[in-house]
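So you can see what is in the structure, the chains are spelled out below.
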Amino acid sequence: MYILFHAKHGLNEVDRMMLSSLDEQCQASAGLKFTVQGIITKVDTLRDSELSKAIKSIQKDIFDAAPTCLPPIITSALEQPHYGVDQVRQSILEACGLGKAETKVYRPP
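Our subject in this report is the structure included herewith. (Residues numbered from 1 in each chain as written. Predicted model: local features only at pLDDT ≥ 70, side-chain atom pairs only at ≥ 80, totals over all residues. Heavy atoms only, no water.)

Overview of a nonpolar patch on the surface
In step 1: A surface patch of nonpolar side chains, about 260 Å² in accessible area, is lined by Y2, L4 and I92.
In step 2: Structurally, the position occupied by Y2 is in strand β1 (residues 2–6). (Patch = residues over 30% accessible without salt bridge, like charges linked within 9 Å, V, L, I, M, F, W, Y side chains within 5 Å. Areas by Shrake-Rupley, 256 points an atom, 1.4 Å probe, with all protein chains shown as cover. Salt bridge = Lys/Arg side-chain N within 4 Å of Asp/Glu carboxyl O. Helix = DSSP H or I, 4+ residues; strand = E, 2+ residues; numbered from the N terminus.)

Here it is as structure tokens:
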């Protein structure tokens, strides 16, 4: 299951409640039915000076609400070159059993 978060807006209370509920369901099934994959979108809407802090904050909020959530994929598609879109596609292929799993975690500068 994928859940998207706008980089500029971060998580709100409804997002946290949804993540918490999904995390409980994932843990109840021991991760056998599904996993949760966060996607942080539109990072190109942030100033360079805001980027690292915003991503770290969103990552922390995600893991606080849903410790079993996979590390979020960071994306931007407004500006060229696009970033993270291929990683989302690869993740979907892997989730459908059509691709090889590769773990890539975005580490802000």
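A few points about the environment of H9
In step 1: With respect to the element layout, H9 can be found in the loop between β1 and α1 (13–28).
In step 2: Among the residues examined, H9 registers a relative accessible area of 62% and is labelled exposed.
In step 3: Along the chain, H9 and K42 lie 33 residues apart, while their C-alpha atoms are 9.9 Å from each other. (Buried < 20%, exposed > 50% of the residue type's maximum accessible area, 1.4 Å probe, protein only.)

A closer look at the packing of α1 against helix α2 (residues 48–65)
In step 1: In the contact formed by α1 and α2, the axes pass within 8 Å of each other and the chain directions differ by 45°. The pairing of α1 with α2 is recorded here as oblique in orientation. Between α1 and α2, the residues in contact are R16, L19, S20 and D23 and D61, I62 and A65, respectively.
In step 2: Partitioning the contact of α1 with α2 into residue classes produces 3 nonpolar, 1 polar and 3 charged. (Axes fitted to C-alpha atoms, helices over the stretch in contact; angles between N-to-C directions. Parallel < 35°, antiparallel > 145°, perpendicular 65-115°, else oblique. Contact = heavy atoms within 4.5 Å. Nonpolar A, V, L, I, M, F, W, Y, C, P; charged D, E, K, R; others polar.)

Digging into the sheet that holds β1
The strands making up a sheet are joined through hydrogen bonds of the backbone, oriented either antiparallel or parallel.
In step 1: Taken together, the 3 strands give an open sheet; going across it, the order is β1-β2-β3, and neighbouring strands pair in parallel fashion. A strand with exactly one partner marks an edge of an open sheet, and here the two such strands are β1 and β3 (70–74). Here the strands of the sheet are splayed against their neighbours by 25° on average, with no regard to which way each runs.
In step 2: When β1 meets strand β2 (residues 37–41), the two strands line up parallel, connected through 5 bridges. Considered in β2, the bridge of H6 is made with T41.
In step 3: Helix-sheet contacts for α2 involve β1, β2 and β3, and the interaxial angle to β3 is about 150°. (Pairing = 2+ DSSP bridges.)

Here's the deal with the nonpolar core
In step 1: In terms of nonpolar packing, the biggest core is built from 19 residues, with L19, I40, V43 and I62 touching the most fellow members.
In step 2: Listing elements by their share of this core, those giving two or more residues are β1, α1 and α2.
In step 3: Sort the elements by how many residues they give to this core and α2 lands first, with 6 residues.
In step 4: Once residues within four sequence positions are removed from consideration, I62 is found in contact with F5, L11, L19, C69 and P72. (Core = buried A, V, L, I, M, F, W, Y, C linked by side-chain atoms within 4.5 Å.)

By themselves, these observations are geometric and do not establish any function.
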